[in-house]
Amino acid sequence: MDIEKQREVIRLWNQLRKVEGPAAEELRIQILEAFAERGKTKRAA
């Protein structure tokens, strides 16, 4: 992921943190799980 994509992800994450409710919480969980899985595959490679 290049630096521009990282900045965009951080910007969107910060906007999402301001949102309340079960849908927002589910999105946060899915994002964290996706990054956790990517981290595992990177380390395994």
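First, a word on scope: everything that follows refers to the structure included in this document. (Residues numbered from 1 in each chain as written. Predicted model: local features only at pLDDT ≥ 70, side-chain atom pairs only at ≥ 80, totals over all residues. Heavy atoms only, no water.)

Here we look at the overall build of the protein
So, point 1. Secondary structure summary: the protein contains two helices and zero strands in total.
So, point 2. Taking all 45 residues of the protein together, 9% fall into the buried category.
So, point 3. On the protein, roughly 4,100 Å² of surface is accessible, and the fraction owed to carbon and sulfur atoms is 59%. (Helix = DSSP H or I, 4+ residues; strand = E, 2+ residues; numbered from the N terminus. Buried < 20%, exposed > 50% of the residue type's maximum accessible area, 1.4 Å probe, protein only. Areas by Shrake-Rupley, 256 points an atom, 1.4 Å probe, with all protein chains shown as cover.)

Some thoughts on the pattern of salt bridges
So, point 1. Enumeration over the complete set of coordinates arrives at three salt bridges.
So, point 2. Across the pair Glu4 and Arg7 runs a salt bridge whose closest N-O atoms are separated by 3.2 Å. Linking Glu4 with Arg7, this pair stays in helix 1 (residues 3-17), spanning three residues, or about one helical turn. Each member of the pair, Glu4 together with Arg7, is exposed.
So, point 3. For Glu8, the salt bridge is made with Arg11, and the minimal N-O distance between the two is 2.7 Å. Of this pair, Glu8 and Arg11 both sit in helix 1, three residues apart, which is roughly one turn of that helix.
So, point 4. Given the relative accessible area of 34%, Glu8 is considered partly exposed. (Salt bridge = Lys/Arg side-chain N within 4 Å of Asp/Glu carboxyl O.)

Some remarks on the environment of Glu25
So, point 1. Topologically, Glu25 is positioned in helix 2 (residues 22-44).
So, point 2. Polar contacts involving the side chain of Glu25 include one to the side chain of Arg28, which spans 3.2 Å. (Polar contact = N/O pair within 3.5 Å; in protein donor to acceptor, adjacent residues only side chain to side chain.)

Quick notes on the side chain of Arg28
So, point 1. Within the fold, Arg28 resides in helix 2.
So, point 2. Among the polar contacts listed, one links the side chain of Arg28 to the backbone oxygen of Val19, at a separation of 3.3 Å.
So, point 3. If near-sequence neighbours (up to four positions away) are discounted, Arg28 is found in contact with Trp13, Leu16, Arg17 and Val19. (Contact = heavy atoms within 4.5 Å.)

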